[in-house]
Amino acid sequence: MTQNTLSEVAAVLEARKSAAPDSSYVAKLYHKGTDAILKKVGEEATEVVMAAKDGEPDKIVYEVADLWFHTMVLLAEQNLHPDAVLEELQRRFGTSGLVEKASRKND
Ligand SMILES: N=c1c2ncn([C@@H]3O[C@H](COP(=O)(O)OP(=O)(O)OP(=O)(O)O)[C@@H](O)[C@H]3O)c2ncn1[C@@H]1O[C@H](COP(=O)(O)O)[C@@H](O)[C@H]1O
(Lines give C-alpha, C1' and ligand atoms only; values in the text may rest on other atoms or scores of the structure.)
Protein backbone atom coordinates (compact mmCIF):
# COMPACT_ATOMS: atom_id res chain seq x y z
CA MET A 1 0.00 0.00 0.00
CA THR A 2 1.64 3.22 -1.10
CA GLN A 3 1.10 6.62 0.48
CA ASN A 4 -1.22 7.38 -2.48
CA THR A 5 -3.34 4.33 -1.71
CA LEU A 6 -3.61 5.38 1.93
CA SER A 7 -4.70 8.87 0.85
CA GLU A 8 -7.27 7.45 -1.58
CA VAL A 9 -8.75 5.21 1.11
CA ALA A 10 -8.73 8.14 3.55
CA ALA A 11 -10.64 10.30 1.04
CA VAL A 12 -13.34 7.61 0.63
CA LEU A 13 -13.60 7.18 4.40
CA GLU A 14 -13.96 10.96 4.81
CA ALA A 15 -16.74 11.04 2.19
CA ARG A 16 -18.64 8.27 4.00
CA LYS A 17 -19.05 10.57 7.01
CA SER A 18 -21.85 12.42 5.21
CA ALA A 19 -23.46 9.28 3.75
CA ALA A 20 -26.74 7.84 5.05
CA PRO A 21 -26.13 5.18 7.75
CA ASP A 22 -27.69 2.38 5.72
CA SER A 23 -25.93 3.30 2.48
CA SER A 24 -22.61 1.55 3.13
CA TYR A 25 -20.52 -0.57 5.51
CA VAL A 26 -18.36 2.36 6.67
CA ALA A 27 -21.28 4.78 7.01
CA LYS A 28 -23.04 2.21 9.20
CA LEU A 29 -19.91 1.74 11.33
CA TYR A 30 -19.58 5.52 11.91
CA HIS A 31 -23.25 5.63 12.87
CA LYS A 32 -22.72 2.89 15.48
CA GLY A 33 -20.06 5.07 17.11
CA THR A 34 -16.49 4.98 18.39
CA ASP A 35 -16.94 1.88 20.59
CA ALA A 36 -18.17 -0.16 17.60
CA ILE A 37 -15.12 0.91 15.58
CA LEU A 38 -12.79 0.05 18.49
CA LYS A 39 -14.48 -3.34 18.78
CA LYS A 40 -13.79 -4.03 15.10
CA VAL A 41 -10.13 -3.00 15.52
CA GLY A 42 -9.82 -5.43 18.45
CA GLU A 43 -11.54 -8.24 16.53
CA GLU A 44 -9.38 -7.72 13.47
CA ALA A 45 -6.21 -7.69 15.61
CA THR A 46 -7.28 -11.02 17.09
CA GLU A 47 -7.90 -12.40 13.60
CA VAL A 48 -4.34 -11.38 12.63
CA VAL A 49 -3.00 -13.28 15.65
CA MET A 50 -5.03 -16.36 14.74
CA ALA A 51 -3.89 -16.22 11.10
CA ALA A 52 -0.26 -15.96 12.19
CA LYS A 53 -0.70 -18.90 14.56
CA ASP A 54 -2.14 -20.90 11.65
CA GLY A 55 0.97 -19.95 9.65
CA GLU A 56 -0.97 -19.19 6.48
CA PRO A 57 0.74 -16.28 4.65
CA ASP A 58 -2.28 -15.40 2.45
CA LYS A 59 -4.58 -15.35 5.46
CA ILE A 60 -2.14 -13.15 7.41
CA VAL A 61 -2.07 -10.62 4.56
CA TYR A 62 -5.89 -10.68 4.27
CA GLU A 63 -6.39 -10.15 8.00
CA VAL A 64 -3.72 -7.43 8.26
CA ALA A 65 -5.53 -5.62 5.41
CA ASP A 66 -8.75 -5.82 7.44
CA LEU A 67 -6.89 -4.51 10.51
CA TRP A 68 -5.25 -1.63 8.64
CA PHE A 69 -8.60 -0.78 7.06
CA HIS A 70 -10.38 -0.57 10.40
CA THR A 71 -7.57 1.44 12.02
CA MET A 72 -7.99 3.84 9.09
CA VAL A 73 -11.73 4.06 9.83
CA LEU A 74 -10.77 4.90 13.43
CA LEU A 75 -8.29 7.57 12.31
CA ALA A 76 -10.94 9.15 10.06
CA GLU A 77 -13.54 9.08 12.81
CA GLN A 78 -11.04 10.85 15.07
CA ASN A 79 -10.40 13.41 12.29
CA LEU A 80 -6.85 12.15 11.78
CA HIS A 81 -5.17 11.48 8.42
CA PRO A 82 -2.88 8.47 7.79
CA ASP A 83 -0.13 10.95 6.86
CA ALA A 84 0.15 11.71 10.59
CA VAL A 85 1.03 8.04 11.24
CA LEU A 86 3.48 7.93 8.32
CA GLU A 87 5.13 11.11 9.65
CA GLU A 88 5.43 9.53 13.10
CA LEU A 89 7.07 6.43 11.59
CA GLN A 90 9.37 8.65 9.56
CA ARG A 91 10.25 10.61 12.70
CA ARG A 92 11.14 7.39 14.52
CA PHE A 93 13.13 5.66 11.82
CA GLY A 94 13.93 8.02 8.96
CA THR A 95 15.33 6.54 5.76
CA SER A 96 18.92 6.23 7.05
CA GLY A 97 17.64 4.87 10.37
CA LEU A 98 15.88 2.00 8.62
CA VAL A 99 19.01 1.10 6.65
CA GLU A 100 21.10 1.25 9.83
CA LYS A 101 18.67 -1.00 11.73
CA ALA A 102 18.58 -3.53 8.89
CA SER A 103 22.38 -3.75 8.75
CA ARG A 104 22.64 -4.09 12.55
CA LYS A 105 20.19 -7.04 12.37
CA ASN A 106 22.61 -8.81 10.01
CA ASP A 107 25.62 -8.39 12.36
N1 LIG B 1 -11.54 -1.91 2.03
C2 LIG B 1 -12.65 -2.16 2.52
C3 LIG B 1 -12.83 -3.17 3.53
N4 LIG B 1 -11.96 -4.00 4.13
C5 LIG B 1 -12.70 -4.73 4.99
N6 LIG B 1 -14.00 -4.37 4.93
C7 LIG B 1 -15.14 -4.94 5.65
O8 LIG B 1 -14.75 -5.22 6.97
C9 LIG B 1 -15.50 -6.31 7.43
C10 LIG B 1 -14.54 -7.29 8.05
O11 LIG B 1 -15.12 -7.75 9.15
P12 LIG B 1 -15.25 -9.32 9.42
O13 LIG B 1 -14.07 -10.05 8.86
O14 LIG B 1 -15.47 -9.46 10.88
O15 LIG B 1 -16.53 -9.72 8.56
P16 LIG B 1 -18.04 -9.47 8.92
O17 LIG B 1 -18.45 -10.55 9.85
O18 LIG B 1 -18.75 -9.37 7.61
O19 LIG B 1 -18.03 -8.06 9.68
P20 LIG B 1 -19.24 -7.36 10.43
O21 LIG B 1 -20.28 -7.05 9.35
O22 LIG B 1 -19.73 -8.30 11.48
O23 LIG B 1 -18.63 -6.11 11.01
C24 LIG B 1 -16.23 -6.94 6.25
O25 LIG B 1 -17.61 -6.62 6.28
C26 LIG B 1 -15.56 -6.28 5.06
O27 LIG B 1 -16.41 -6.08 3.96
C28 LIG B 1 -14.10 -3.38 4.05
N29 LIG B 1 -15.20 -2.66 3.67
C30 LIG B 1 -15.01 -1.72 2.72
N31 LIG B 1 -13.79 -1.46 2.12
C32 LIG B 1 -13.65 -0.41 1.11
O33 LIG B 1 -13.92 0.82 1.76
C34 LIG B 1 -14.60 1.70 0.88
C35 LIG B 1 -15.89 2.15 1.52
O36 LIG B 1 -16.71 1.02 1.79
P37 LIG B 1 -18.30 1.16 1.86
O38 LIG B 1 -18.56 2.01 3.04
O39 LIG B 1 -18.82 -0.24 2.01
O40 LIG B 1 -18.75 1.80 0.58
C41 LIG B 1 -14.87 0.94 -0.41
O42 LIG B 1 -13.86 1.34 -1.31
C43 LIG B 1 -14.69 -0.52 -0.01
O44 LIG B 1 -14.21 -1.29 -1.06
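All values reported here derive from a predicted model rather than from experimental measurement.

Here we look at the overall build of the protein
- Secondary structure summary: the protein contains five helices and zero strands in total.
- For the protein, the sequential pattern of α-helices and β-strands runs α-α-α-α-α.
- Within the protein, the fraction of its 107 residues that count as buried is 24%.
- Contacts in the protein between residues at least 24 apart in sequence constitute 54% of all its contacts with a sequence separation of at least 6.

Some words on the packing of helix H2 (residues 25–32) against helix H4 (residues 57–77)
- One can describe the packing of H2 onto H4 by two numbers: an axis separation of 11 Å at closest approach and a directional angle of 55°. Relative to H4, the element H2 lies oblique. Crossing of H2 against H4: the hand is right-handed. Of the residues in H4, those touching H2 at Tyr25, Val26, Leu29 and Tyr30 are Phe69, His70, Val73, Ala76 and Glu77.
- Each residue belonging to the contact of H2 with H4 can be placed in one class, and the counts come to seven nonpolar, one polar and one charged.

Observations concerning the pattern of salt bridges
- This structure, assessed with the given rule, holds seven salt bridges.
- Glu44 is paired through a salt bridge with Lys40; the nearest N and O atoms lie 3.5 Å apart. With Glu44 and Lys40 both in helix H3 (residues 34–54) and four residues apart, this pair spans about one turn of that helix.
- The class of Glu44 is buried, set by a relative accessible area of 3%.

Overview of the side chain of Glu63
- Its place among the elements puts Glu63 in helix H4.
- No salt bridge is formed by the buried Glu63, whose closest oppositely charged neighbour, Lys59, lies at an N-O distance of 6.1 Å.
- Apart from residues no more than four positions distant in its own chain, Glu63 is found in contact with Glu44, Glu47, Val48 and Ala51.

About the criteria used
Residues numbered from 1 in each chain as written. Predicted model: local features only at pLDDT ≥ 70, side-chain atom pairs only at ≥ 80, totals over all residues. Heavy atoms only, no water. Helix = DSSP H or I, 4+ residues; strand = E, 2+ residues; numbered from the N terminus. Buried < 20%, exposed > 50% of the residue type's maximum accessible area, 1.4 Å probe, protein only. Contact = heavy atoms within 4.5 Å. Axes fitted to C-alpha atoms, helices over the stretch in contact; angles between N-to-C directions. Parallel < 35°, antiparallel > 145°, perpendicular 65-115°, else oblique. Left-handed = near helix turned anticlockwise from the far one by under 90°. Nonpolar A, V, L, I, M, F, W, Y, C, P; charged D, E, K, R; others polar. Salt bridge = Lys/Arg side-chain N within 4 Å of Asp/Glu carboxyl O. Lys, Arg positive; Asp, Glu negative; His and termini not counted.

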